[in-house]
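Chain and residue survey
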Amino acid sequence: QVQLEESGGGLVQAGGSLRLSCAASGSTFSVMSWFRQAPGTDRVLVAGINWHIGNTYLADFVKGRFTISKDDAMNTMYLHMNDLKPEDTAVYYCAAIRSFVIHTSPDNYHYWGQGTQVNVSS
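This write-up is about the structure you can find in this document. (Residues numbered from 1 in each chain as written. Predicted model: local features only at pLDDT ≥ 70, side-chain atom pairs only at ≥ 80, totals over all residues. Heavy atoms only, no water.)

To continue, consider the overall build of the chain. Helices and strands together make up the secondary structure of the chain, namely zero helices and 11 strands. Seen in sequence order, the chain has helices and strands lined up from the N terminus as β-β-β-β-β-β-β-β-β-β-β. Radius of gyration (C-alpha) of the chain: 13 Å, near the 14 Å computed for a compact globule of 122 residues. Reported as C-alpha extents along the three principal axes, the dimensions of the chain are approximately 40 × 30 × 25 Å. Summarising the internal contacts of the chain: among those between residues at least 6 apart in sequence, 57% fall at separations of at least 24. Element-wise, carbon and sulfur atoms account for 48% of the exposed surface of the chain, whose accessible area totals about 6,300 Å². Each charge sign in the chain was given a centre, from 8 positive and 10 negative side chains, and these centres are 3 Å apart. (Helix = DSSP H or I, 4+ residues; strand = E, 2+ residues; numbered from the N terminus. Rg over C-alpha atoms; globule rule 2.2 N^0.38 Å. Contact = heavy atoms within 4.5 Å. Areas by Shrake-Rupley, 256 points an atom, 1.4 Å probe, with all protein chains shown as cover. Lys, Arg positive; Asp, Glu negative; His and termini not counted. Charge placed at Lys NZ, Arg CZ, Asp CG, Glu CD.)

Joining two cysteines, a disulfide is a covalent bond between their sulfur atoms. Evaluation of the coordinates by the stated rule reveals one disulfide. A disulfide bridge connects C22 with C94, and the sulfur atoms are separated by 1.9 Å. Between C22 and C94, the disulfide has an S-S torsion of -75° and is therefore left-handed. Here C22 is found in strand β3 (residues 18-25), whereas its partner C94 is found in strand β9 (residues 90-97), with 72 residues between them in sequence. Residue classification places C22 among the buried residues on the basis of a relative accessible area of 0%. (Disulfide = S-S within 2.5 Å. Buried < 20%, exposed > 50% of the residue type's maximum accessible area, 1.4 Å probe, protein only.)

The subject of this paragraph is the pattern of salt bridges. In the structure shown here, the tally under the stated rule is four salt bridges. Between K63 and D60 there is a salt bridge whose closest N-O contact spans 3.3 Å. Among the charged side chains, a salt-bridge network with shared partners connects R36, R65 and D88. (Salt bridge = Lys/Arg side-chain N within 4 Å of Asp/Glu carboxyl O.)

Before going further, it helps to spend a moment on the packing of aromatic side chains. Summed over the entire model, instances satisfying the criterion amount to five aromatic pairs. Judged by centre distance (5.1 Å) and plane angle (55°), the ring pair of F35 and W112 falls under tilted. Residue F35 is found in strand β4 (residues 31-37), and its partner W112 is found in strand β10 (residues 111-112); the two are separated by 77 residues along the sequence. Accessibility expressed as a relative area gives 26% for W112, which makes it partly exposed. Taken together, F35, Y93, Y109 and W112 form an aromatic cluster joined through their ring pairs. Against the face of Y93 rests R43, its NZ or CZ located 3.8 Å from the ring centre. Lying over the aromatic face of W112, R43 brings its terminal NZ or CZ to 4.8 Å of the ring centre. (Phe/Tyr/Trp six-rings, centres within 6.5 Å; stacked < 30°, edge-to-face > 60°. Lys NZ or Arg CZ within 6 Å of the ring centre and 35° of its normal.)

Looking now at the nonpolar core. By size, the foremost hydrophobic cluster in this structure holds 28 residues, and its most contacted members are M32, W34, F66, M77, L79, M81 and Y92. Secondary structure elements with two or more residues in this core: β3, β4, β5 (44-50), β7 (66-71), β8 (76-81), β9 and β11 (116-121). Ranked by size, the runner-up nonpolar core spans seven residues in total, among them F35, L45, I102 and Y109. (Core = buried A, V, L, I, M, F, W, Y, C linked by side-chain atoms within 4.5 Å.)

Next up, the structure:
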């Protein structure tokens, strides 16, 4: 069965760091991405990676603070979040598609994890 499982969320002070993980099983994907959604807002793309080529995408609002990486042996994608801000507070979701490009719209992603909560206090 296809499964994406996020972990690593939690509560941190502004300026702190977290590392989110997304472990994939049951299938292989060309593109894996991180989305986030705060209450009352749309789900937006934070970062993405082409699994085989290695090119990455970072949203403007996290550039310079977040990085995305992967571990081939563990079939796991990571989101390294540094200098966290209160506005980063959201549920972070792992998503995957079989594609050659990193799509921005969540409508293009067929597989989703359950999400992991990130809370950043001021």
